[in-house]
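# Reading the structure
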Amino acid sequence: SQQGEEDPQALSIQEGENATMNCSYKTSINNLQWYRQNSGRGLVHLILIRSNEREKHSGRLRVTLDTSKKSSSLLITASRAADTASYFCATDAWGAQKLVFGQGTRLTINP
Amino acid sequence: DAGVIQSPRHEVTEMGQEVTLRCKLISGHNSLFWYRQTMMRGLELLIYFNNNVPIDDSGMPEDRFSAKMPNASFSTLKIQPSEPRDSAVYFCASSRGTVGEKLFFGSGTQLSVL
């Protein structure tokens, strides 16, 4: 399937450190999106990167996309306890007519 | 903007009962997505509407599941009869455009079928 796969499945770091999460996918895409989900809540959109873009920033977030490797990374700099959540990548494949989510990375920021 | 509103927030029912989940889209959005989230399978797309028309229902598990969009701002997902394996969190999400646009999710309905 087109489903993206996040790596690692879980990540625990100290507050202030940077957190990097990776996403790999299988077929060509139109765009890739990252979402955050706090426990017991719905997903919240973080950033969208199109297939012709290589890097995008939003505040403390930096997303890269390497279409040749079919992979993306999400970097959160200077992490805070409030960043504790699950992070999902979602891909919009050519002709698929659907946004498919990966299994997510569970990020824990320790104070 | 109130965001996507789902009800009920929690639903506990017995096997065999009918369950109806409700979703109100954000005003001006024309696409509606129903997702199901479980630990084992993650987030699965069940069905996708655009301008009230079902575009892709290939993710609907069985005939026991049905979804409707009676108007541009409201949708229901019905399970009849419900089974314990239907226990999950059901999310609806809306967007301004089609599949490639960012999604706005509701808070979800936690369904438990006993």
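Residues numbered from 1 in each chain as written. Chains lettered and ligands numbered in written order. Predicted model: local features only at pLDDT ≥ 70, side-chain atom pairs only at ≥ 80, totals over all residues. Heavy atoms only, no water.

## Some points on the pairing of strand S11 (residues 105–110) of chain A
Residue and element names in this part refer to chain A. Of the two faces of S11, the one holding Thr105, Leu107 and Ile109 is buried and the one holding Arg106, Thr108 and Asn110 is not buried anywhere. Here strand S9 (residues 85–93) runs beside S11; their pairing, made up of three bridges, is antiparallel. Residue tyrosine 87 lies in a different strand from S11, and its bridge partner there is threonine 105. (Buried < 20%, exposed > 50% of the residue type's maximum accessible area, 1.4 Å probe, protein only. Helix = DSSP H or I, 4+ residues; strand = E, 2+ residues; numbered from the N terminus. Pairing = 2+ DSSP bridges.)

## Section: the packing of aromatic side chains
All names here are of chain B. According to the stated counting rule, one finds seven aromatic pairs over all chains in the structure shown. Aromatic side chains phenylalanine 33 and tyrosine 48 sit 4.7 Å apart centroid to centroid with 0° between the ring planes, which places their arrangement in the stacked category. Pair noted here: phenylalanine 33 is in strand S4 (residues 31–38) and tyrosine 48 is in strand S5 (residues 42–50), with a separation of 15 residues, a long-range link. Relative to phenylalanine 105, the ring of tyrosine 35 lies with its centre 5.8 Å away and its plane at 40°, an arrangement referred to as tilted. Highlighted residues: tyrosine 35 in strand S4 and phenylalanine 105 in strand S10 (residues 104–105), separated in sequence by 70 residues. (Phe/Tyr/Trp six-rings, centres within 6.5 Å; stacked < 30°, edge-to-face > 60°.)

## What about the state of the cysteines?
Using the criterion set out here, one finds two disulfides over all chains in the structure. Each sulfur in the disulfide pair A:Cys23 and A:Cys89 lies 2.0 Å from the other. Note on the A:Cys23 and A:Cys89 pair: the S-S dihedral is about 65°, so by sign convention the disulfide is right-handed. Taken as a pair, A:Cys23 in strand S3 (residues 19–24) and A:Cys89 in strand S9 lie far apart in primary sequence, 66 residues in all. We classify A:Cys23 as buried; its relative accessible area is 1%. Classification of A:Cys89 by relative accessible area gives buried; the value is 1%. Covalently, B:Cys23 is tied to B:Cys92 through a disulfide, its sulfur atoms 1.8 Å apart. (Disulfide = S-S within 2.5 Å.)

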